[in-house]
Amino acid sequence: MLHYMLPAKRLAVEEEDKGKEVKRLRPYQISGDKSNLDVVMAKDDGNPPDVYIDEDLHSRQLAVYGRETMRQLLTSNVLVSGLGGLGAEVAKNLILAGVKSVKLHDERTVEMWDLSSNFLFTEDDIGKNRALASVGKLQELNTSVAVSTWTTKISKEKLSQFQAVVFTGLSLEKAIDFDDYCHMQKPPIAFIKSDVHGLFGSVFCDFGPEFTVYDVNGEEPRTGIVASISNDNPAIVSCVEDERLEFQDGDLVVFTEVKGMTELNDGKPRRIKIARSYGFVLEEDTTNFGVYEKGGIVTEVKQSKVLHFKPLKEAIKDPGEFLLSDTAKFDRPPLLHLAFHALDKFVCEFGRFPAPSSEEDATKVVSLATSINETSGDQKLNTIDEHVLRHFSSGCHAVLNPMAAVFGGIVAQEVVKACSGKFHPIFQFFYFDSLESLPKHPLRPEDIMPLNCRYDAQISVFGINLQKILEESNVFVVGAGALGCEFLKNLALMGASCRSPGKLTITDDDVIEKSNLSRQFLFRDWNIGQAKSLVAASAATKINPSFQIEALQSRASSDTENIFDDNFWENQGVVISALDNVNARLYIDSKCVYFQKPLLESGTLGTKCHTQVVIPHLTENYGASRDPPEKEFPMCTVHSYPHNIDHCLTWARSEFEGMLEKTPTDANAFLSNRQEYKRSIKSGGQAQAQAQSLLDRLLECLVFERCITFEDCVAWSRRKFEEYFTNRVKQLVITFPENTMTSQNTPFWSAPKRFPKPLQFTSNDSAHLSFIAAASILRAQNYGIRVEDWVLNREKLSEVVDKVQVPDFQPKITKNMTDANSTSGNVAAVDDNACIDNMIKTLEERVKDLPPGFRMNPIHFEKDDDMHIQLIAGLANMRARNYSIPEVDKLKAKFIAGRIVPAIATTTAMAAGLVCLELYKVLFCHSIEKYRNSFANLALPLFSMAEPAPAKVIKHRDLSWTLWDRWVIEGNLTVQELLDWFQAKGLTAYSISCMQTILYNKIFPKHRERLNLKLANLVQDVAKLVIPPSRHHFDLVVSCEDDARNDVDVPLVSIYYR
């Protein structure tokens, strides 16, 4: 589900290197004064001098918010009042986000009841003030945020020091008083009231009489490449059919780089009247404009939106349109609006919450709701669902951790919106419930009796039986990153795996890095470099000392099935996936299908998240639906015809890895075993051109361009600049001049191609010098050369660079090939084999001059290494200048080239909470209509929940099955006996496979000799399957057809042969 929005996990080798990088001092670290580094490196972080953004810590968050929003957060003061489970979640998410300060307010003391939902409290805190018991642990999350407390009543005048205030557990009367004050301030103070009662939650937002949303959805402005513009009224604009446009009717756009019809380049926003897939109708009269010739980029202008919030005293009577979360409950929000209002009146009248399962109290709540409804005027409901209200009354005293997590994420995101104007806020009420999580049968009074334990609040809603099931459950959590940390916190508070024989197993092969700390809240800065699973498990046991948890450091994959073997999987009760790449998810999904285990799946991408419930024999599995693969750029576009900065950054990453990692690695391979390397070059199946290119690079780094001093590295960098950004472009222009026509008699340099221009190096250009400095430092690392301190001095570096002798450009003789996809001309043919032999001979002779044992140091690209990103940005921006493409700053280069997945704590918290609400249903073995898959986008905001799709049923004669079925056959069968078994079911088996090996196929005459052979012998002899002693079966994939010769997908076949 929504695979495209899920992050791609780093390759194993990259993750392994991370563990080594954390503790290693980089070879290019420079001693001495670094005051000139920013000047030399042309650093552009966009930060004003008075606001410091820790980009290493907040890199993933910056990818969502951008610098401007982060600056707003860093100057924002927020009040969080009410440190129950919900308040703790809100405070946690805001502190991780990095606001300037968070003031914690609470007059109440910690009770045993609170331990069911608040991860900050322990039994030792009982009796202490809730704010004081929270402040220390919250401060640890981010020492840059000032966290302080108020423990006495607050007056509304004290609210003036905050940009946003969040109240939980506040009476409606007091909320109206505070909100009125906040609403009338200039500028207004954003007021948010939120509460969680059992399986019900609410949010109210008032950001003042006039609040401007500067970025409604947070998406990048949409663009298109112009192909033609008509001289009409209205004008018709066509764009190149490179990819479908995403413009919508009414969008504002601006034009740049239009040739001919230059009137459109005035920067004036123009409105799209009718949007189409590859063009649009523009609300503009262009009849008197110049005639369009070529070129042009059209870019969306993001439009701000002004919202007029009503104060709470007005909104409570006239709530307007409610934000809907579940289409199956379209009538639920107005009812819950009444319910929360009735509950407030009940508490004011009786000074307490309704008692769990109290019919008397529930009847009073229904009566109050009915009374309020009668005086609601136009908002009056025709009918009131008493069933829902009675459930609401019964559980309203409890704050359940999953609900607190969901609303903690939502509310904290609303605070970010209030402080920054980024994303569309909730306008103004949002209600949500998970009534389907309740047990199938009504609870008896004895089921909900308090036990004076930390789970009493949860027991009051679900009963003691669920608590026992939870505590004795075996849970497998795969991944200990952001989602994994949230899951462990939630499960610890819920009491999962807290009593024998229950056990929770968590595994993750990654280590903690600094960028994790802005989301993965169980980690601290002193944990950097340590194993995620071990640290997370240790932190979770501090939340609940009864947590029975085992932490592993192995990746769950086909390579570790000796660890995660059949016995392991069979002992699991439920699997929770906290992974960040599709392939790993598919593997876990396949195991859950095979072993018939429920799977709770989720993923996040910035403000978006999804959750999916996979239940044996009820729902489809995770792998049942696939989204389109990620977009890849054509190689000819990347290497010769880039037309946007993404192409330039893709090229830069490729060049970085080629010259700094792959070539040094190949050089070491050659130096280690020359004969083997020669053999692989000649017989490795490589094209002649590839072999020559590889040897060229080896000769360059080991012979002709081998660096001995740091000055050599600078000289190499200067010549690389000339090669990349001057000579290659000159050659391309010679091969394809600007007036070149294709074989179809159309201009070769037509959109989306951009005609390039070579660069002229000058040490006066800071961007040129930035490239030289970064390339020189990293090249020195390749050769183990000490980096000279003067590289930080712009004048000294310029002096050295200007002395470098750069050979004059020598054009190659080419044949002009004007096919639209040509990348270069054909060089005159030579004897390739002889050329390769000569190159190898030269290489062997010249490497004799190398010092004994000489080896290069390959550099593996690391997205969190400033120097690596500096070079990537330099490569990409110089190439962008070649093609007149807007350049990119270092942070944006890091996001794109480093393939950084946008991530924020709020979305993660909400997704984990939604998953744990589904866990209740799994343990109750609910029917499919009770489960919910969800998709949410906090930026819009959008919440969409729906019943999971059922498993597809396949039928044949009187048989039916789904993907969850496996056909088990006992006995040591021969091939013929298996064929006969299928024939008896009216199916003709024509192919039998084990793993990727075909054991039998009727189209192969030789396979008839296998008909009387035992399948157990074939899988071991032919498929080379190693069956461990503990396993008594093997699995086969059988391809069948029915009597009408139609293929029939049959289940996996398991042969129990011993």
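Check the entry above for the structure.
Residues numbered from 1 in each chain as written. Predicted model: local features only at pLDDT ≥ 70, side-chain atom pairs only at ≥ 80, totals over all residues. Heavy atoms only, no water.

Enquirer: Looking at this structure, I do not really get the overall build of the protein chain. What am I missing?
Expert: Assigned secondary structure in the protein chain consists of 30 helices and 31 strands. Relative to the globule expectation of 31 Å for 1058 residues, the C-alpha radius of gyration of the protein chain, 33 Å, shows essentially globular dimensions. Dimensions of the protein chain, computed from C-alpha atoms along their principal axes, come out at roughly 95 × 85 × 65 Å. Residues classed as buried in the protein chain amount to 56% of the 1058 residues present. Contacts in the protein chain between residues at least 24 apart in sequence constitute 74% of all its contacts with a sequence separation of at least 6. Roughly 45,500 Å² of accessible area belongs to the protein chain as shown, and the carbon and sulfur atoms make up 50% of that amount. Between the mean site of the 118 positive side-chain charges and the mean site of the 140 negative ones, the protein chain shows a separation of 3 Å. (Helix = DSSP H or I, 4+ residues; strand = E, 2+ residues; numbered from the N terminus. Rg over C-alpha atoms; globule rule 2.2 N^0.38 Å. Buried < 20%, exposed > 50% of the residue type's maximum accessible area, 1.4 Å probe, protein only. Contact = heavy atoms within 4.5 Å. Areas by Shrake-Rupley, 256 points an atom, 1.4 Å probe, with all protein chains shown as cover. Lys, Arg positive; Asp, Glu negative; His and termini not counted. Charge placed at Lys NZ, Arg CZ, Asp CG, Glu CD.)

Enquirer: Explain the side chain of Thr619 to me, please; I cannot follow it from the model alone.
Expert: Note that Thr619 resides in the loop between strand 21 (608-614) and helix 18 (635-639). Here the side chain of Thr619 touches Ile615 through a polar contact of 2.9 Å, landing on its backbone nitrogen. Non-local contacts of Thr619, meaning those with residues more than four positions away in its chain, are made with Val613, Val614, Ile928, Pro948, Ala949, Pro950, Ala951 and Trp964. (Polar contact = N/O pair within 3.5 Å; in protein donor to acceptor, adjacent residues only side chain to side chain.)

Enquirer: Quick question: what am I supposed to make of the pattern of salt bridges here?
Expert: When their charged atoms lie close together, side chains carrying opposite charge are able to pair. For the structure shown, the criterion picks out 67 salt bridges. With its nearest N and O atoms 2.7 Å apart, the salt bridge here joins Asp889 to Arg67. Placement of the pair is Asp889 in the loop between helix 26 (866-882) and helix 27 (890-897) and Arg67 in helix 3 (residues 55-74), with a sequence separation of 822 residues. When its relative accessible area of 22% is taken as the criterion, Asp889 is described as partly exposed. (Salt bridge = Lys/Arg side-chain N within 4 Å of Asp/Glu carboxyl O.)

Enquirer: Sorry, what's going on with helix 9 (residues 359-374) here?
Expert: Since the α-helix advances by 3.6 residues per turn, residues separated by three or four positions end up pointing in the same direction. Between its first and last C-alpha, helix 9 extends 22 Å over 16 residues, near the 22 Å set by a 1.5 Å rise per residue. Buried within helix 9 we find Asp361, Ala362, Val365, Val366, Leu368, Ala369, Ile372 and Asn373. An end-on view of helix 9 places all buried positions within 160° of arc, on one side of the element. Away from its buried face, by an angle of more than 90 degrees, helix 9 presents the exposed residues Glu359 and Glu360. In this structure, the buried side of helix 9 is in contact with helix 8 (332-350) and helix 10 (386-395). (Expected span 1.5 Å × (residues − 1). Arc of directions from axis to C-beta.)

Enquirer: I'm lost on the pairing of strand 29 (residues 1033-1041) in this one. Help?
Expert: On a regular strand, one side chain projects to one face of the sheet and the next to the other, so that they alternate. Where strand 27 (residues 988-994) and strand 29 come together, five bridges link them in antiparallel fashion. Across the sheet, residue Ser993 finds its bridge partner in strand 29, namely Val1037. Pairing of strand 29 with strand 31 (residues 1052-1056), which is carried by four bridges, proceeds in the antiparallel orientation. From the neighbouring strand, Leu1036 faces strand 31, where its bridge partner is Val1053. Two elements, strand 29 and strand 30 (residues 1047-1048), share two bridges in a ladder whose sense is antiparallel. Directly across from Glu1041, in strand 30, lies its bridge partner Asp1047. Linking strand 29 back to strand 30 in an antiparallel pair, the connection comprises five residues, with Arg1045 at a positive phi of about 65°. (Pairing = 2+ DSSP bridges.)

Enquirer: What is the right way to look at the side chain of Lys92 in this model?
Expert: You can see Lys92 is positioned in helix 4 (residues 85-97). Using a relative accessible area of 0% as the deciding quantity, one classes Lys92 as buried. A distance of 2.6 Å separates a polar atom in the side chain of Lys92 from a polar atom in the side chain of Glu486. Sequence-distant contacts of Lys92, that is, excluding residues within four places in its chain, are made with Phe119, Leu138, Leu141, Glu486, Lys489, Phe521 and Ala909.

Enquirer: In this structure, what is going on with the packing of aromatic side chains? I would like to understand it.
Expert: The relation between two aromatic rings is expressed through the spacing of the ring centres and the mutual angle of the planes. Applying the stated rule across the entire model yields 53 aromatic pairs. Ring plane angle 40° and centroid distance 5.1 Å describe the contact between Phe207 and Phe309, whose orientation is recorded as tilted. Remark: Phe309 occurs in the loop between strand 14 (305-307) and helix 7 (312-315) and Phe207 occurs in the loop between strand 6 (200-206) and strand 7 (211-213); sequence separation between them is 102 residues. Across this residue pair, the class does not change: Phe207 and Phe309 are buried. Ring centres of Tyr641 and Trp749 lie 5.7 Å apart, and the angle between their planes is 75°; on these two criteria the pair is classed as edge-to-face. Taken as a pair, Tyr641 in the loop between helix 18 and helix 19 (645-672) and Trp749 in the loop between helix 22 (710-735) and helix 23 (766-783) lie far apart in primary sequence, 108 residues in all. Note on Tyr641: relative accessible area 4%, which makes it buried. Among the aromatic residues, those joined into a cluster by ring pairs are Phe167, Phe178, Phe191, Phe200, Phe204, Phe322, Phe340, Phe392, Phe429 and Tyr431. A cation over an aromatic ring shows up here: Arg706 above the ring of Phe854, its NZ or CZ 5.7 Å from the ring centre. (Phe/Tyr/Trp six-rings, centres within 6.5 Å; stacked < 30°, edge-to-face > 60°. Lys NZ or Arg CZ within 6 Å of the ring centre and 35° of its normal.)

Enquirer: Help me understand the sheet that holds strand 21 in this model?
Expert: Think of a sheet as strands paired side by side through backbone hydrogen bonds, with each pair either parallel or antiparallel. Pairing in this open sheet of eight strands is mixed, and the strands run 18-17-16-19-20-21-22-23 from one edge to the other. On the outer flanks of this sheet lie strand 18 (549-552) and strand 23 (942-946), each paired with one strand and no other. Going from strand to strand, the sheet's axes swing by 10° on average, the running direction of each strand aside. As paired strands, strand 22 (residues 933-937) and strand 23 are joined by five bridges and run antiparallel to one another. In the strand pairing of strand 23, Asn937 is matched with Leu942. Relative to the sheet, helix 14 (residues 482-494) contacts strand 16 (474-478), strand 17 (503-507), strand 18, strand 19 (574-577) and strand 20 (599-605), its axis offset from that of strand 20 by approximately 130°. The strands that helix 15 (residues 532-543) touches are strand 17 and strand 18; relative to strand 18, the one it contacts most, it runs at about 165°. (Axes fitted to C-alpha atoms, helices over the stretch in contact; angles between N-to-C directions.)

Enquirer: Could you clarify how one ought to interpret helix 28 (residues 905-924) in this entry?
Expert: Taking 1.5 Å as the rise per residue, helix 28 with 20 residues should run 28 Å; its terminal C-alpha atoms sit 30 Å apart, in good agreement. Within helix 28, 20 of the 20 residues are buried, leaving the element largely enclosed by the surrounding structure. Two residues or fewer after helix 28 comes Cys925, characterised by a positive phi angle close to 55°.

Enquirer: Looking at this structure, I do not really get the sheet that holds strand 9 (residues 235-239). What am I missing?
Expert: The six strands lie next to each other as 8-9-12-11-10-13, forming a closed barrel whose pairing is antiparallel. Strand-to-strand twist of the sheet, defined as the mean angle between neighbouring strand axes without regard to direction, takes the value 45°. Pairing analysis gives three bridges linking strand 8 (residues 223-229) to strand 9, with the strands arranged antiparallel. Bridge pairing links Ile229 to Val237 in strand 9.

Enquirer: Whenever I open this one, unusual backbone geometry confuses me. Can you help?
Expert: What is expected of a backbone is that most residues other than glycine have negative phi and most peptide bonds are trans. Backbone torsion omega between Phe427 and Gln428 reads -5°, so that peptide bond is classified as cis. Structurally, Gln428 is set in the loop between helix 11 (401-420) and strand 15 (429-433). The backbone of Ser884 sits at a positive phi, close to 55°, despite the residue not being glycine. Within the secondary structure, Ser884 is located in the loop between helix 26 and helix 27. Classification of Ser884 by relative accessible area gives partly exposed; the value is 45%.

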